[in-house]
Amino acid sequence: MNPTNRFVEDSHQELISAVRELCREYPDKYWRELDETRSYPEAFVQALTDAGYMATLIPEEYGGAGLGVTEASAILEEIHHSGGNAAACHAQMYIMGTLLRHGSEKHKREYLPKIADGSLRLQAFGVSEPNTGTDTTQMKTMAVKNGDRYVINGQKIWISRAEHSDLMLLIARTTPVDQVKKRTEGLSTILVDMRQAVGHGLRIRPIRTMMNHATTELFFDNLEVPAENLVGEEGQGFRYLLDSLNAERILIASECIGDARWFLERTCRYANERVVFGRPIGKNQGVQFPIARAYANLEAARLMVTRAASLFDGGKPCGPEANMAKLLAADVSWELANVAVQTYGGFGFAEEYDIERKFRETRLYQVAPISTNLILSYLAEHVLGLPRSY
Ligand SMILES: Cc1cc2nc3c(=O)[nH]c(=O)nc-3n(C[C@H](O)[C@H](O)[C@H](O)COP(=O)(O)OP(=O)(O)OC[C@H]3O[C@@H](n4cnc5c(N)ncnc54)[C@H](O)[C@@H]3O)c2cc1C
């Protein structure tokens, strides 16, 4: 019996089956080999793009599928449930949302159809900085207007996929923090054409991490960008950033649900097959119960993800639900990662079983794109009315 089969008895069965079929071409061995050399899954990303999945959220008038976060979630969940990892490209799905909501018609006509057909990749999002951490409003990277150009200086860190993206959506200060009334003001969103920038004021330094994740550090040294690359109004970048966060939280939560289902299925299979003391280890309640408990948590987390996605697609406020979905889904994928290692015993540590690789991969979501503590602070302050803690 497949313990998570009941999850997929929903309206997106056809879409999910098609994604699963595509993922079959990229089995464990593919991901294991890339992990060993920390290489980018180029073939997989290209296949997803060619199949149109990366254009799920782009409206039809700009060449996309015109679907919602619910469908995008189903796609990402299935990639992870199938053993793949969409972190190499998921941002392509949602970064363009800022362009779509706040960009000029000229920007939209110029970029969105190319992003939709895969001829342009917009999958780098430049927010984090080494010395400001989660306190985004304190970012130091400055973009100073000089005639028809912005001149950018500063540093970013953890900017994923920068080496594999044609465009990056950068958030930088256009007014220093000590010259604005509110610290959330004076930040702006600028499109950087990486093909022109790298080597001409932008340097990229890859960071090797515990899992295969193409993340980098960026150094800006008088990088010049056309002023027309400003997205929306100058100084409003923080607002645009907040706008995009709910979709990001829901989509990452869906990946966690996919990971959790992958762990659950492997763990049940192994617990049934592994015979010790003359019987399957799964016959012991000490082995069964952690799996059963995690399964219950998985069902609950998935309900929250579904609810958040449906509120988002209905145009309703969904901040609390999107945050809770991310929190619960990241917690359950990490819970199941631990349960899987425990159930597999020594084999959980062997690379050829893939458990240890997925364990490393899913650990990220306790920290990025938003750490668990910051979600709890949000819920405490904005939903429960408790005092602001920082
Ligand atoms: C692999 C990877 C990929 C990433 N990709 C991108 C990307 O593409 N673009 C991008 O812009 N960023 C990216 N990030 C950055 C990511 O969003 C940040 O790492 C994350 O938001 C946490 O920020 P920080 O690392 O600076 O931690 P810090 O802000 O230094 O926090 C460190 C710890 O302290 C805790 N903490 C801090 N303040 C408080 C508080 N007030 N109350 C309670 N706890 C607190 C945090 O929860 C965290 O656990 C990525 C990070 C990683 C690791």
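Residues numbered from 1 in each chain as written. Predicted model: local features only at pLDDT ≥ 70, side-chain atom pairs only at ≥ 80, totals over all residues. Heavy atoms only, no water.

## Comments concerning the pattern of salt bridges
Inspection of the entire model under this criterion finds 28 salt bridges. For Arg-121, the salt bridge identified is with Glu-42, shortest N-O distance 2.8 Å. In this pair, Arg-121 sits in the loop between α7 (105-117) and β1 (122-126) while Glu-42 sits in helix α3 (residues 42-50), placing the two residues 79 residues apart along the sequence. The class for Glu-42 is partly exposed, based on a relative accessible area of 36%. Taking the shortest distance from any N to any O, the salt bridge between Arg-357 and Asp-354 comes out at 3.0 Å. Comparing Arg-357 with Asp-354 shows no difference in burial state: the two are buried. (Salt bridge = Lys/Arg side-chain N within 4 Å of Asp/Glu carboxyl O. Helix = DSSP H or I, 4+ residues; strand = E, 2+ residues; numbered from the N terminus. Buried < 20%, exposed > 50% of the residue type's maximum accessible area, 1.4 Å probe, protein only.)

## Describing the pairing of strand β4 (residues 167-173)
For β4, the tally of buried residues reaches 7 of 7 residues, placing the bulk of the element in the interior. Alternating residues of β4 divide into Leu-167, Leu-169, Ile-171 and Arg-173 and Met-168, Leu-170 and Ala-172, and every residue in both groups is buried. Bridge count for β4 against strand β5 (residues 187-193) is 7 bridges, and the pairing is antiparallel. Following the sheet pairing, Leu-170 is matched in β5 by Ile-190. (Pairing = 2+ DSSP bridges.)

## Let's talk about the site of the ligand
Looking at the ligand, there are 20 residues lining it, with Ser-128, Thr-134, Trp-158, Ser-160 and Ser-371 nearest. Contact between the ligand and Ser-128: a nitrogen atom at 2.7 Å from a side-chain N or O atom of the residue. One of the side-chain N or O atoms of Asn-373 is found 3.0 Å from a nitrogen atom in the ligand. Contact with the protein chains covers 66% of the free accessible surface of the ligand, which is 980 Å². At the level of secondary structure, the elements contributing two or more residues to the shell around the ligand comprise β3 (149-160) and α13 (372-383). If one sorts the elements of the shell around the ligand by residue count, β3 sits on top with 3 residues. (Near = heavy atom within 4 Å. Polar contact = N/O pair within 3.5 Å; in protein donor to acceptor, adjacent residues only side chain to side chain. Areas by Shrake-Rupley, 256 points an atom, 1.4 Å probe, with all protein chains shown as cover.)

## Points about helix α10 (residues 285-313)
Taking 1.5 Å per residue as the helical rise, α10 with its 29 residues ought to reach 42 Å, and the 42 Å between its terminal C-alpha atoms agrees with that figure. Those residues of α10 lying buried are Ile-291, Ala-294, Leu-298, Ala-301, Arg-302, Met-304, Val-305, Ala-308, Ala-309 and Leu-311. Those residues of α10 that are buried are in contact with α4 (69-81), α9 (237-273) and α11 (319-344). After α10 finishes, the residue Gly-315 shows a positive phi value of roughly 75°. (Expected span 1.5 Å × (residues − 1). Contact = heavy atoms within 4.5 Å.)

## Remarks on the side chain of Thr-174
Relative to the elements of secondary structure, Thr-174 occurs in the loop between β4 and β5. Polar side-chain contacts of Thr-174 include one of 2.6 Å to the side chain of Ser-188. Thr-174 has contacts with Met-142, Ala-143, Tyr-150, Gly-186, Leu-187, Ser-188, Glu-234 and Gly-235, leaving out every residue within four places of it along the chain.

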